[in-house]
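Inside the fold
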Amino acid sequence: MDIALDEGLVKGDSVASLLDSALDAGGGLLRLTPTWVPRSFLHPGRRIKLHPGDYYRFGADRGGIDERWFGSTTEAANEGRVWHEGLSFCLFEGKKFLLKDAVEEAGERLIGSAIFNKYNRWPVYSKFFDNMGPIPHHMHQSFEDAELVGQEGKPESYYFPPQLNNVDNNFAYTFMGLEPGTSKEDVRRCLENWNAGDNGILDLSRAYRLKRGTGWLIPPGVLHAPGSLCTYEPQWGSDVFGMYQSIVEGRYVPWSLLVKDMPEEKHDDLDFIVGQLDWERNVDTHFKQSNYLEPVRDDAASGDDYEDLWIVYGTVDGSQLFSAKELTIQPGASCTLNDPGASSWITVQGKGRMGSLDLQTPAMIRFGENTEDEVFISHEAATAGVKIVNTGSEPLVGLRYFGPEVHGNNIPKAGS
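Values in this document were obtained by computation on a predicted structure and should not be read as measured data.

This part is about the overall build of the protein. If you tally the helices and strands in the protein, you get 10 helices and 28 strands. Since a compact globule built from 416 residues should have a radius of gyration of about 22 Å, the 21 Å found for the protein is in line with a globular shape. Each principal axis of the C-alpha atoms in the protein carries an extent, and together these give about 60 × 45 × 40 Å. Looking at the 416 residues of the protein, the share that counts as buried comes to 59%. Expressed as a percentage of contacts within the protein between residues at least 6 apart in sequence, the contacts between residues at least 24 apart total 78%. With an accessible surface of roughly 16400 Å², the protein has 45% of that area assigned to carbon and sulfur atoms. Charged side chains of the protein number 38 positive and 61 negative; the gap between the two group centres comes to 4 Å.

Below, the structure written as structure tokens:
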């Protein structure tokens, strides 16, 4: 049976009144529904709770579903996409509306005046990224380079939740950057050999073993070939990339995926393509020291029966573009979140309540089914305080990410 994820969607002038009712009933909290995204060039890792029969519900030609996006007002840049691909839906009394439309209607209530006035949108999102094996060595353009094609750059970050990683899958290592001493001519030669088979770009890089409960900060322009741990990825609200590896696990990567976000007249200009790499960061001899993230306890937000950990922190080019925390509440305990800004929450273990909304970690989700694990915590609710109670017999664990410059100087530095 075909299921339209946008069935019951409210648009236009009707969104405002429905949004007001939802915010009032939820005390500033909005229930979000699962946002599934397929990728034609990847192989699903099957750990994001989707029913085994539903991984190809967009059609086998679209590829398998290997991503679930959270709190997203960013469209997925996929060929053949459905119109709302990548966009989060809010759910209230059986009716849906786009989080994107909600922000346009009530930006200051939802994301705060500072973010809304500067960006006029929720400029970040996160996802579960789940693959059976590694993906191509690729980079995301800088803001300057993405602007050449009318897009925005994409710094991103990784965290590997233990709850989503019961198995390693095929290759739990990520190649990052380039080996110090690599020359631009070496990379250019790999591009020249694109159609000769494996172009050998991984010979110029080094792999790092992925460790559950840790993460990485990935600036734009840095090559990376993510491994096969399921990854929570707070990132900037863009879907630009360029694939620099021609064959992965025997699968051919078309040249079009290298140049899709580059000016058309530059699609065969190898010097331009190499020039989009942030060379200094790629050959950094202390890459791990600058970009590896261990969890840091936030003592001010933790107590005897609950713990709030920084899992994504630090800056990109001096700017705090996004951050994330992991909250764990023991059975029978509760806490009140007092955050300085909006966040998007996903429950990864246990059950409980957040304000008036139930929280339940699903064991399996059918395509098109609504769940009780995802919530958008508005700026209004976050700054007033949100009570969370663990009503289950195991720890209640949730991940939440924040927008730019929310925490001021009250955040660890990368390398902490």
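Overall, the coordinates contain 35 salt bridges when judged by the stated rule. Between Glu 85 and Arg 62 there is a salt bridge, and its shortest N-O distance comes to 2.6 Å. Of this pair, Glu 85 sits in the loop between strand 3 (64-70) and strand 4 (89-92) while Arg 62 sits in the loop between strand 2 (35-39) and strand 3; the two residues are 23 residues apart in sequence, bridging distant segments of the chain. Overall, the relative accessible area of 1% leaves Glu 85 in the buried class. Residue class for Arg 62 comes out buried when judged on its relative accessible area of 8%. For the salt bridge of Glu 374 with Arg 68, the shortest nitrogen-to-oxygen distance reads 3.1 Å. Linking Glu 374 in strand 26 (residues 374-377) with Arg 68 in strand 3, this pair joins segments that are 306 residues apart in sequence. Within the structure, one salt-bridge network assembled from shared partners comprises Arg 39, Glu 67, Lys 127, Lys 154, Glu 156 and Asp 239.

Phi at Glu 93 takes a positive value of approximately 50 degrees, unusual for a residue other than glycine. The phi dihedral of Glu 405 falls on the positive side, at around 55 degrees, and the residue is not glycine. Assignment of secondary structure puts Glu 405 in the segment after strand 28 (396-402).

Now for the sheet that holds strand 27 (residues 386-390). Strand order across the open sheet formed by 4 strands is 22-27-24-25, with antiparallel pairing between neighbours. Of all strands in the sheet, those bounded by a partner on one side alone are strand 22 (334-337) and strand 25 (357-360). Geometrically, the sheet is characterised by an average inter-axis angle of 20 degrees between neighbouring strands, direction not taken into account. Direction of pairing for strand 24 (residues 351-354) relative to strand 25: antiparallel, over a ladder of 4 bridges. From the neighbouring strand, Arg 353 faces strand 25, where its bridge partner is Asp 358.

This paragraph deals with the packing of helix 1 (residues 14-26) against helix 2 (residues 99-111). Two elements in contact, helix 1 and helix 2, have axes whose closest approach is 9 Å; the angle formed by their N-to-C orientations is 45 degrees. By the angle class used here, helix 1 and helix 2 are oblique. For the element pair helix 1 and helix 2, the recorded crossing hand is right-handed. Contacts from Val 15, Ala 16, Leu 19, Asp 20, Leu 23 and Asp 24 in helix 1 reach Asp 101, Ala 102, Glu 105, Ala 106, Arg 109 and Leu 110 in helix 2. Class assignment of the residues belonging to the contact of helix 1 with helix 2 gives a composition of 7 nonpolar, no polar and 5 charged.

The end-to-end C-alpha separation of helix 2 is 11 Å, well short of the 18 Å expected for 13 residues at 1.5 Å each. If you look at helix 2, its biggest bend is around 95 degrees, right at Glu 105. Buried within helix 2 are the following residues: Leu 99, Asp 101, Ala 102, Val 103, Ala 106, Gly 107, Leu 110 and Ile 111. The first or second residue beyond helix 2 is Gly 112, which carries a positive phi of 90 degrees.

The next point concerns the sheet that holds strand 28. Remark on secondary structure: sheet strands pair via backbone hydrogen bonds, oriented parallel or antiparallel. A sheet is described by the order of its strands in space; here 9 strands give the open sequence 5-4-1-26-23-28-21-20-19, paired in antiparallel fashion. Both edges of this open sheet fall to strand 5 (95-98) and strand 19 (296-297), since each of them pairs with a single strand only. When strand 23 (residues 343-349) meets strand 28, the two strands line up antiparallel, connected through 6 bridges. By the bridge assignment for strand 28, Ile 346 is matched with Leu 399.

Another aspect to go through is the pairing of strand 25. The alternating pattern of strand 25 places Leu 357 and Leu 359 on a buried face, while none of Asp 358 and Gln 360, on the opposite face, is buried. Hairpin geometry of strand 24 and strand 25 is characterised by an intervening segment of 2 residues between the two adjacent antiparallel strands and by a positive phi of about 55 degrees at Gly 355.

Calculation criteria
Along each chain, the written sequence defines residue order, and numbers are assigned to residues from 1. Given that this is a predicted model, residues contribute local features only at a pLDDT of at least 70 and side-chain atom pairs are listed and counted only at 80 or more, while totals for whole chains, interfaces and linings are drawn from all residues. For the side-chain quantities, the full set of heavy atoms in the structure was used; hydrogens and water were omitted. Starting at the N terminus, helices and strands are each numbered in turn, a helix being any DSSP run of H or I of at least four residues and a strand any DSSP run of E of at least two. Two things to know: the radius of gyration comes from C-alpha atoms, and the globule rule equals 2.2 Å times the number of residues to the power 0.38. Note on classification: 1.4 Å probe, protein chains only; a residue is buried when its accessible area is under 20% of the maximum for its type, exposed when over 50%, partly exposed between these limits. What makes two residues a contact is simply this: any of their non-hydrogen atoms within 4.5 Å. Per-residue and other accessible areas were derived by the Shrake-Rupley procedure at a 1.4 Å probe size, with only the shown protein chains allowed to occlude residues. Note on charges: Lys and Arg go in the positive column, Asp and Glu in the negative column, and His and the chain ends are not counted at all. Every charge is mapped to an atom, namely NZ of Lys, CZ of Arg, CG of Asp or CD of Glu. Salt bridges are identified by distance alone: a Lys or Arg side-chain nitrogen within 4 Å of an Asp or Glu carboxyl oxygen. When DSSP finds at least two bridges between two strands, those strands are taken to pair. Fitted lines through C-alpha atoms give the axes, limited to the stretch in contact for helices. The angle between two N-to-C directions lies from 0 to 180 degrees. In these notes the angle categories are as follows: under 35 degrees is roughly parallel, over 145 is roughly antiparallel, 65 to 115 is roughly perpendicular, and the rest is oblique. If you view the pair so one helix is near and one far, a crossing is left-handed when the near helix is turned anticlockwise from the far one by less than a right angle, and right-handed when it is turned clockwise. Under this grouping Gly is polar, as are all residues other than the nonpolar Ala, Val, Leu, Ile, Met, Phe, Trp, Tyr, Cys and Pro and the charged Asp, Glu, Lys and Arg. One less than the residue count of a helix, multiplied by 1.5 Å, gives the span that helix is expected to have. Bend at a given residue is defined as the angle between two axes, one fitted to the seven residues that end at that position and one fitted to the seven that begin there.

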